[in-house]
Amino acid sequence: MASSTAIRELQRDLEDKANDLSKLQKDIAKNHQVRKKYTVQLGENELVLKELDLLNEGANVYKLIGPVLVKQDLAEANANVRKRIDYISAELKRLDATLQDLEEKQNSKKDAILKLQQRIQSLQAGKAKA
């Protein structure tokens, strides 16, 4: 009787850990989506920066603000794009660090689940022999 109670408790613990693992996997998927979005934005901004570098000093640069194109200084436009690239790069680094942390947590949960499954199997095997 005591072993069946222990098995039930271990199975409950196993379900909790499986739910935690599922949450971690969802967080990892969300992180990948956000990272993909930032990677696309980084590529677009780098392309804009290359285009701005091709322009002459006196060239007209316009910025779209709502439905209106507003004239902008070339140096200011360059600085804005560089700031955006720096910000996106910093966010990508932060997301990478978060992803690494989530993956480490995921691996430890998987190990804990595997150990629990082995304990349950050994208890059930011991119960079957008795």
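Conventions adopted
- Residues numbered from 1 in each chain as written.
- Predicted model: local features only at pLDDT ≥ 70, side-chain atom pairs only at ≥ 80, totals over all residues.
- Heavy atoms only, no water.
- Helix = DSSP H or I, 4+ residues; strand = E, 2+ residues; numbered from the N terminus.
- Rg over C-alpha atoms; globule rule 2.2 N^0.38 Å.
- Buried < 20%, exposed > 50% of the residue type's maximum accessible area, 1.4 Å probe, protein only.
- UniProt positions renumbered as here; feature names shortened; annotations may be inferred.
- Phe/Tyr/Trp six-rings, centres within 6.5 Å; stacked < 30°, edge-to-face > 60°.
- Lys NZ or Arg CZ within 6 Å of the ring centre and 35° of its normal.
- Salt bridge = Lys/Arg side-chain N within 4 Å of Asp/Glu carboxyl O.
- Pairing = 2+ DSSP bridges.
- Patch = residues over 30% accessible without salt bridge, like charges linked within 9 Å, V, L, I, M, F, W, Y side chains within 5 Å.
- Areas by Shrake-Rupley, 256 points an atom, 1.4 Å probe, with all protein chains shown as cover.
- Contact = heavy atoms within 4.5 Å.

### Here we look at the overall build of the chain
Consideration 1: What the chain contains, in helices and strands, is two helices and two strands.
Consideration 2: Written out in order from the N terminus, the α and β elements of the chain read α-β-β-α.
Consideration 3: For the chain, whose C-alpha radius of gyration is 27 Å, the value lies well above the compact-globule estimate of 14 Å for 130 residues.
Consideration 4: Reported as C-alpha extents along the three principal axes, the dimensions of the chain are approximately 90 × 25 × 15 Å.
Consideration 5: In the chain, buried positions account for 23% of the 130 residues.

### Observations concerning the UniProt feature "coiled-coil region" (unreviewed entry) in the chain
Consideration 1: UniProt tags residues 85-119 as "coiled-coil region" (unreviewed entry).
Consideration 2: Within the segment residues 85-119, helix and strand shares are 100% and 0% respectively, and the terminal C-alpha atoms sit 51 Å apart.

### Concerning the environment of A79
Consideration 1: You can see A79 is positioned in helix α2 (residues 74-129).
Consideration 2: With a relative accessible area of 32%, A79 lands in the partly exposed category.
Consideration 3: In this structure, the C-alpha to C-alpha distance between A79 and L49, residues 30 residues apart in sequence, is 9.5 Å.

### So, the packing of aromatic side chains
Consideration 1: Tallying each qualifying case throughout the model produces zero aromatic pairs.
Consideration 2: Across the ring face of Y38, the terminal group of K37 is positioned such that the distance to the ring centre comes to 5.5 Å.

### With respect to the pattern of salt bridges
Consideration 1: What the rule picks out here adds up to six salt bridges.
Consideration 2: Residue K17 pairs with D13 through a salt bridge whose shortest N-O separation is 3.9 Å. Placement of the pair is K17 and D13 together in helix α1 (residues 2-54), with a separation of four residues, close to one helical turn.
Consideration 3: Measuring nitrogen to oxygen at the nearest pair gives 2.9 Å for the salt bridge that ties R94 to E91.

### Some words on the pairing of strand β2 (residues 68-72)
Consideration 1: In terms of strand pairing, strand β1 (residues 61-65) meets β2 through five bridges, oriented antiparallel. Bridge assignment links K63 to a residue of β2, and that residue is V70.
Consideration 2: Connecting β1 to the next strand, β2, in antiparallel fashion are two residues, including G66 with a positive phi near 65°.

### What about a nonpolar patch on the surface?
Consideration 1: A cluster of nonpolar side chains, namely Y62, L64 and L69, defines an oily patch on the protein surface of about 360 Å² accessible area.
Consideration 2: When its relative accessible area of 47% is taken as the criterion, Y62 is described as partly exposed.

### Let's talk about the environment of K109
Consideration 1: Relative to the assigned elements, K109 resides in helix α2.
Consideration 2: Taking the relative accessible area as the measure of exposure, K109 reaches 23% and is therefore partly exposed.
Consideration 3: Taking the C-alpha atoms as reference points, K109 and K17, separated by 92 residues in sequence, lie 6.7 Å from one another.
Consideration 4: For K109, the contacting residues outside a window of four places in its chain are K17, D20, L21 and L24.

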